[in-house]
Amino acid sequence: MDDLRSEIRAAFEKEQAAHPVPGGLRSNLSGAAATQSRPPRNLQWIAAAVAAVMAVLVVAGLMSTRLGPKSSVPATTPRATPAADYGPPPVGVQLLYVHDSNNPSWLIGFDWSGQPRGTVKLTPEVAQDPSAVKMSPDGSGFEVGGTYKGGGGPFLDRLGHPVVTESGPTGRVGAMWADDSQHQCVLTLSSTYVWRLETQLPGKALRPGAVIARDPGIGQSGIRLAACSFKNDVAIAMRTVIAWPAELWVVRLSDSTVLAHHTLSAVGRLSSVVASPDGIYVAESSAQGQSLDSPDVNQGATSTVIRRVSDWQVVKKLDPSVQITRFSGDGALVLVYYSLPQSGHLSALKILNWSTGSTLWQRDLADPAAFAIAAQPNGRDFALADITLGGPDLKATISIVHRDGSVTKLVQSYEAAW
């Protein structure tokens, strides 16, 4: 307060110095006072009032300078933490992409050791729905919703720029990235109910392929892709009836030849059929490991099995409680769920070396959870985005489980882009 008084006094003296009293004012005032009947203290009151007004103006100026807002931004305006920019993603490095929590229009690419290596900045048009952007298996390109919504792209290059695609036939009902992370296998359904397995390279029109079925495929039945391998020149498509796998086709991609057609047994029900990325193996999981519409769990197959596609021979039998959900990129490992006997409730998630039966990693499942799963191309690591069911968003705890069972966790929650 003493400092403020000193400032006021100095300012007042400065103001007086700038406007000095005229030299003849005193004699004029004395003469005027002698001719007036009003007491001289009235002039003193006026002078005091003028001084008081000047003091108020000086104080107001000082207070407005000292206490006024320092900027035009309201003090309550939240400030988002700037998103880290890791620069353009490196060429030839396999990356796992997640949506940046602080900037939805950016994608962060992590390598399989868990280190951030690049940032992809989406265009304003694509950024209107960034969660629809999904990466190719090695992160060298993207598609906006196509493989998950049955659409036709659009495709994005490794920097997030749109890839102009030639026009061509329509009727896409499903797609899968190939094991080379460049091509796609595409299922189409014509207006005359002809199912075809075709292929596409982003930027190019669909390449006509094999006819695999002729029926509506709606309601109780549908066909989906299980494998797409340009390295081994093979694709696998599978039909489900209601919820049960029923048929399977093996197609050579180079000449659209249907190499094999297998009808799956209706006696020993299967809960799912998945294939290795190279199309060499398929895994048939017994329905005994999941809740059935019928209370009789004996309807399920007696074993969960792994078959070699080339000769359809069983190469491994596992307990029917084992539910194989994914092969590793090289086909040597499987990610499996275990269920409690005759309950259908999942109790553990494991990674097995299926040829030896050894467990490399395990996590007990105390609460219901959902996982977005990615497999390292041609490798043995898995990425798991652990999404809590019933949560407010799709942000997940992301873990990279390595081939030796060790785990790398990303430091914060993200929404997976796979």
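About the thresholds
Residues numbered from 1 in each chain as written. Predicted model: local features only at pLDDT ≥ 70, side-chain atom pairs only at ≥ 80, totals over all residues. Heavy atoms only, no water. Helix = DSSP H or I, 4+ residues; strand = E, 2+ residues; numbered from the N terminus. Contact = heavy atoms within 4.5 Å. Areas by Shrake-Rupley, 256 points an atom, 1.4 Å probe, with all protein chains shown as cover. Pairing = 2+ DSSP bridges. Axes fitted to C-alpha atoms, helices over the stretch in contact; angles between N-to-C directions. Disulfide = S-S within 2.5 Å. Buried < 20%, exposed > 50% of the residue type's maximum accessible area, 1.4 Å probe, protein only. Core = buried A, V, L, I, M, F, W, Y, C linked by side-chain atoms within 4.5 Å. 1 Å grid on protein atoms, 1.4 Å probe; cavity = no way out; pocket = protein on both sides within 12 Å on 5 of 7 lines; lining within 4 Å. Points joined across faces, edges and corners; volume = space filled by probe spheres on them. Nonpolar A, V, L, I, M, F, W, Y, C, P; charged D, E, K, R; others polar. pLDDT = per-residue confidence, 0-100. Phe/Tyr/Trp six-rings, centres within 6.5 Å; stacked < 30°, edge-to-face > 60°. Lys NZ or Arg CZ within 6 Å of the ring centre and 35° of its normal.

### Some details on the overall build of the protein
When helices and strands are tallied, the protein shows five helices and 28 strands. Residue pairs in contact within the protein that sit at least 24 positions apart in sequence constitute 42% of those at least 6 positions apart. Total accessible area on the protein is roughly 22200 Å²; 55% of this is exposed by carbon and sulfur atoms.

### Remarks on the sheet that holds strand β13 (residues 234–241)
Reading across the sheet, the four strands line up as β12-β13-β14-β15 and stay open at both edges, with antiparallel pairing between neighbours. Strand pairing shows two members of the sheet lacking a second neighbour, β12 (221–229) and β15 (257–263), which therefore form its edges. Between one strand and the next, the sheet's axes are offset by a mean angle of 20°, whatever the strand orientation. Pairing analysis gives eight bridges linking β12 to β13, with the strands arranged antiparallel. Residue Leu225 lies in a different strand from β13, and its bridge partner there is Ala237.

### Here's the deal with the state of the cysteines
For the coordinates displayed, the defined rule picks out one disulfide. Two residues, Cys185 and Cys228, share a disulfide whose sulfurs are 2.1 Å apart. The disulfide joining Cys185 to Cys228 has a torsion of about 75° about its S-S bond and is therefore right-handed. Linking Cys185 in strand β9 (residues 184–189) with Cys228 in strand β12, this pair joins segments that are 43 residues apart in sequence. Just as Cys185 is buried, Cys228 falls in that class too.

### Quick notes on the nonpolar core
The biggest cluster of nonpolar side chains holds 30 residues, and the ones touching the most others in it are Leu96, Tyr97, Leu107, Val133, Phe142 and Trp418. Listing elements by their share of this core, those giving two or more residues are β1 (96–99), β2 (106–110), β4 (133–135), β5 (142–144), β24 (369–375), β25 (382–388) and β26 (397–401). Not counting the four nearest positions on each side in its chain, Val133 is found in contact with His99, Leu107, Leu122, Val126, Phe142, Glu143, Val144, Leu156 and Ala417. Membership of the second largest hydrophobic core comes to 16 residues, among which are Ala210, Ala213, Ala237 and Val251.

### Looking at empty space enclosed by the protein
Evaluated as defined, the whole model comprises one cavity of 30 Å³ or more. For the largest cavity, the calculated volume is near 40 Å³. Looking at the lining of the largest cavity, the elements with two or more residues in it are β10 (194–200), β11 (207–214) and β14 (244–252). Per element, the largest residue contribution to the lining of the largest cavity is four residues, and it comes from β11. Within the lining of the largest cavity, the residues separate by chemical class into five nonpolar, three polar and three charged.

### Section: unusual backbone geometry
The backbone of Ile242 sits at a positive phi, close to 60°, despite the residue not being glycine. Examined against the element boundaries, Ile242 turns out to sit in the loop between β13 and β14. Judged by its relative accessible area of 57%, Ile242 falls in the exposed class. Here the phi dihedral of Asn378 falls at roughly 60°; this positive angle occurs in a residue that is not glycine. Overall, the relative accessible area of 48% leaves Asn378 in the partly exposed class.

### A look at the confidence of the model for the protein
Chain-level statistics for the protein give a pLDDT mean of 79 and a share of 71% at 70 or above. Predicted confidence for residues 1–5 stays below pLDDT 50, and this span has one contact to residues more than four positions away or in other chains. Low pLDDT, under 50, characterises residues 11–82; the predicted model gives this stretch 16 contacts beyond four residues in sequence or across chains.

### Brief notes about the environment of Gly160
With respect to the helices and strands, the residue Gly160 is situated in the loop between β6 (155–156) and β7 (162–163). Distance from Gly160 to Glu143, taken between C-alpha atoms, is 9.5 Å for residues 17 residues apart in sequence. Discounting residues that sit within four places of it in the chain, Gly160 has contacts with Val120 and Thr123.

### Overview of the packing of aromatic side chains
Using the criterion set out here, one finds four aromatic pairs in the structure. Taken together, a centroid distance of 5.0 Å and an interplanar angle of 70° make the contact between Tyr281 and Trp354 edge-to-face. Here Tyr281 is found in strand β17 (residues 281–286), whereas its partner Trp354 is found in the loop between β22 (346–353) and β23 (358–364), with 73 residues between them in sequence. Of note, Lys350 hangs over the ring of Tyr338, and the distance from its end group to the ring centre comes to 4.1 Å.

### Digging into the sheet that holds strand β3 (residues 116–121)
Judged by pairing direction, the sheet is antiparallel, and its four strands sit side by side in the order β3-β2-β1-β28 without closing on themselves. Two strands bound the open sheet, and with one partner strand each, they are β3 and β28 (415–416). Bridging between β1 and β2 involves four bridges; their strand directions are antiparallel. Counterpart to Leu96 in the pairing with β2 is Phe110.

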